[in-house]
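Spelled out from the first residue to the last, the chains are:
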Amino acid sequence: MSNYIEITERDIFKFVFSPELLPHDKREYLEKNTDRFKEEIELCLSLKDNSFGSEVDEIAKRVESYIGSCKIVELFSSDNHFEKNVQRLRLSAASAKLTQKVNYSSFADSDSNNVIKIIKNGDQTLMYLFSQHSVTKAKVTLFPSETTYILENISQPIEILDEKNIEKINVELF
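Bear in mind that the values here come from a model prediction, so they are computed numbers and not experimental data. (Residues numbered from 1 in each chain as written. Predicted model: local features only at pLDDT ≥ 70, side-chain atom pairs only at ≥ 80, totals over all residues. Heavy atoms only, no water.)

## Observations regarding the packing of aromatic side chains
Operational definition: Here a Phe, Tyr or Trp ring, Trp counted by its six-membered ring, pairs with any other such ring whose centre lies within 6.5 Å, and the pair is stacked when the planes are under 30 degrees apart, edge-to-face when over 60, and tilted otherwise. Throughout, exposure labels follow a simple rule: accessible area from a 1.4 Å probe, protein chains only, divided by the maximum for the residue type, with under 20% read as buried, over 50% as exposed, and the rest as partly exposed. By the criterion adopted, a ring carries a charge over it if an Arg CZ or a Lys NZ lies within 6 Å of its centre and within 35 degrees of its normal.
Scanning the entire structure with this criterion turns up 3 aromatic pairs. Ring geometry for Y29 and F37: centres 6.3 Å apart, planes at 65°, overall edge-to-face. Relative accessible area serves as the criterion here: at 22%, Y29 is assigned to the partly exposed category. With 6.3 Å between their ring centres and 5° between their planes, Y128 and F130 make a pair best called stacked. Among the residues examined, Y128 registers a relative accessible area of 27% and is labelled partly exposed. In this structure, K168 packs its charged tip against the face of F143, placed 5.0 Å from the ring centre.

Have a look at this one:
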């Protein structure tokens, strides 16, 4: 059994502005791991410290609204990784065959409204995001490495580092 605790931006916001609304286990985890979330906590603290009275409430409402408009989706492998020979090169003496391999990986949420395809072709690894939601930008985090990418325009693929064992992908849609 895993004791994995997922901390979101909303949790950090609540930790700073209204810790009593944060579940006990998350509050305790953040208290013990403030170094890990140092930048995020400092940002919220600076908002809180640089605001006065009703401004704090107004800023808190705007930040909460922004955080609430983001949708985080978990994607899991939807197929086995496979290789496909897409090009065969034959030497003139037919003494050897050189093939170029393309590796595909697909990740999807439970209802396949969001799908990520990772295609490795030679030295290049491209990630494509397909979403049924009307979004243009996304933040993608690969696990367990926790490597994060920002897709400024989801209609275009981005080149990513080659990762061997991706267990899941979190996508934050904007």
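## What to know about the nonpolar core
One broad trend across soluble globular proteins is that nonpolar side chains are buried collectively. Quick reminder of the rule: Residues enter a nonpolar core if they are buried and are Ala, Val, Leu, Ile, Met, Phe, Trp, Tyr or Cys, with the set joined through side-chain atoms within 4.5 Å. By definition, residues are in contact when any of their heavy atoms lie within 4.5 Å.
With 20 residues, the main nonpolar core has I116, I118, M127, L129, V140, I169 and V171 as its most contacted residues. Leave out the neighbours within four places in its chain, and L129 touches V115, I116, A138, L151, I154, V171 and L173.

## With respect to the pairing of strand 4 (residues 114-121)
Using the following cut-off: Secondary structure elements are taken from DSSP: a helix is a run of H or I of four residues or more, a strand is a run of E of two residues or more, and numbering for both begins at the N terminus. Strands were regarded as paired on the criterion that DSSP finds at least two bridges between them.
The two faces of strand 4 differ: N114, I116, I118 and K120 on one face are buried, but V115, K117, I119 and N121 on the other face are not. What sits between the antiparallel neighbours strand 4 and strand 5 (residues 124-131) is a turn of 2 residues, in which G122 has the positive phi angle 70°.

## With respect to unusual backbone geometry
Cis geometry is found at the peptide bond from F143 to P144, where omega equals 15°. Among the structural elements, P144 can be located in the loop between strand 6 (138-143) and strand 7 (147-151). One non-glycine residue, S112, lies in the positive phi region at around 60°. Its location among the elements puts S112 in the loop between strand 3 (97-108) and strand 4. Positioned with a positive phi, E146 is a non-glycine residue whose angle comes to about 60°. A residue is classified by how much of its surface remains accessible, and E146, at 43% relative accessible area, is partly exposed.

## What to know about the side chain of D11
Note the threshold: Here a polar contact is recorded for every N or O atom pair within 3.5 Å, except that within protein the pair must consist of a potential hydrogen donor and a potential acceptor, and residues adjacent in sequence are included only if both atoms are side-chain atoms.
Locating D11 in the fold gives a position in helix 1 (residues 9-17). Of the residues examined, D11 reaches a relative accessible area of 7% and is grouped as buried. A distance of 3.0 Å separates the side chain of D11 from the backbone nitrogen of T8, its partner in a polar contact. At a separation of 2.9 Å, a polar atom in the side chain of D11 contacts the side chain of K26.

## Overview of the pattern of salt bridges
The following threshold applies: By definition here, a salt bridge exists when the distance from a side-chain nitrogen of Lys or Arg to a carboxyl oxygen of Asp or Glu is within 4 Å.
Tallied over the entire structure, the rule returns 8 salt bridges. K164 serves as the salt-bridge partner of D162, at 3.0 Å between the closest nitrogen and oxygen. A residue is classified by how much of its surface remains accessible, and D162, at 35% relative accessible area, is partly exposed. Residue K164 is classed as exposed on the basis of its relative accessible area of 63%. Sharing partners across several salt bridges, the network here consists of K120, D162 and K164.

## Let's talk about the packing of helix 1 against helix 2 (residues 24-32)
What counts here: Angles run from 0 to 180 degrees between N-to-C directions of axes, and those axes are lines fitted to C-alpha atoms, restricted for helices to the stretch in contact. Here roughly perpendicular refers to angles of 65 to 115 degrees, roughly parallel to angles under 35, roughly antiparallel to angles over 145, and oblique to all remaining angles. Polar here means any residue other than Ala, Val, Leu, Ile, Met, Phe, Trp, Tyr, Cys and Pro, which are nonpolar, and Asp, Glu, Lys and Arg, which are charged; Gly is therefore polar.
At a minimum axis distance of 11 Å, the contact between helix 1 and helix 2 shows a crossing angle of 80°. Considering their axes alone, helix 1 and helix 2 lie roughly perpendicular with respect to each other. Taken together, the residues of helix 2 that come into contact with helix 1 (itself represented by D11, I12 and F15) are K26, R27, L30 and E31. Tallied by class, residues from the contact of helix 1 with helix 2 come to 3 nonpolar, no polar and 4 charged.

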